[in-house]
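As a plain string of letters, each chain reads:
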Amino acid sequence: TALSRLQALLVGGEALPLEMATQLRALVPGALLNMYGPTETTVWSTSADLARLDGRVPLGPPIANTQLSIRAAGGQECPALVPGELWIGGDGVTDGYLHRPALNAERFVADAAGHRWYRTGDLVRRLSDGTLEFLGRLDHQVKLRGHRIELGEIESVLLRQDGVKQAVVVARDDGAGQKFLAGYVTAKPGAALQ
């Protein structure tokens, strides 16, 4: 009932599933906007008006003073329909991570023209109409209840435990749409894990 009185609803923080977008579109009489952007670019970098849903939830064009670029692994621009990593440039890009020079060098890069970009790690593609489509992550980062989690960091902690030979952590779905983390380990020969 409360949603049916809204003039506008801005949704962000997680990838918006088509099913939820469809339900919201049916309930909210006003504007329904899909907001996308990482914290490193002042939270929102794109905005898509979901007046119509054509079988997908687009990311939308960049907000003011923001540039988007889809890049291949070597840093080249991707043509339409070719998946690549989303790079974000412009006034909203932060200066970097505090006391993390290696991570800054990896994530905050300059192109041949000297423009500074943030490499999001998000896999996207530009459709023929110019719409951006989110396809997933390029790395082992997951988002769980609004928190970004690097699975590799958890795996490295598991590997430091006595008797652990190998470890992997994955995000699983409990069947009711809730994600949780599951860790799997193998023991070193002769070790007993508890």
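Our subject is the structure that appears above.
Residues numbered from 1 in each chain as written. Predicted model: local features only at pLDDT ≥ 70, side-chain atom pairs only at ≥ 80, totals over all residues. Heavy atoms only, no water.

Draft legend 1. Expanded view of the environment of W117. Residue placement: W117 occurs in strand β7 (residues 116–126). In sequence terms W117 and I88 are 29 residues apart; their C-alpha atoms lie 5.4 Å from each other. Of note is the side chain of W117, whose polar atom sits 2.9 Å from the side chain of D111. (Helix = DSSP H or I, 4+ residues; strand = E, 2+ residues; numbered from the N terminus. Polar contact = N/O pair within 3.5 Å; in protein donor to acceptor, adjacent residues only side chain to side chain.)

Draft legend 2. Focus on helix α1 (residues 18–27). The set of residues buried in α1 consists of A21, L24 and R25. All buried residues of α1 project into a common sector of 105 degrees when viewed along the axis, lining one side. Set apart from the buried face of α1 by more than 90 degrees, the exposed residues are E19 and A26. (Buried < 20%, exposed > 50% of the residue type's maximum accessible area, 1.4 Å probe, protein only. Arc of directions from axis to C-beta.)

Draft legend 3. The packing of aromatic side chains, seen in detail. Scanning all chains against the criterion turns up three aromatic pairs. An angle of 50 degrees between the planes, with centres 6.5 Å apart, marks the rings of W87 and W117 as tilted. Here W117 lies in strand β7 and W87 lies in strand β5 (residues 84–90), a separation of 30 residues in the sequence. A residue is classified by how much of its surface remains accessible, and W117, at 8% relative accessible area, is buried. (Phe/Tyr/Trp six-rings, centres within 6.5 Å; stacked < 30°, edge-to-face > 60°.)

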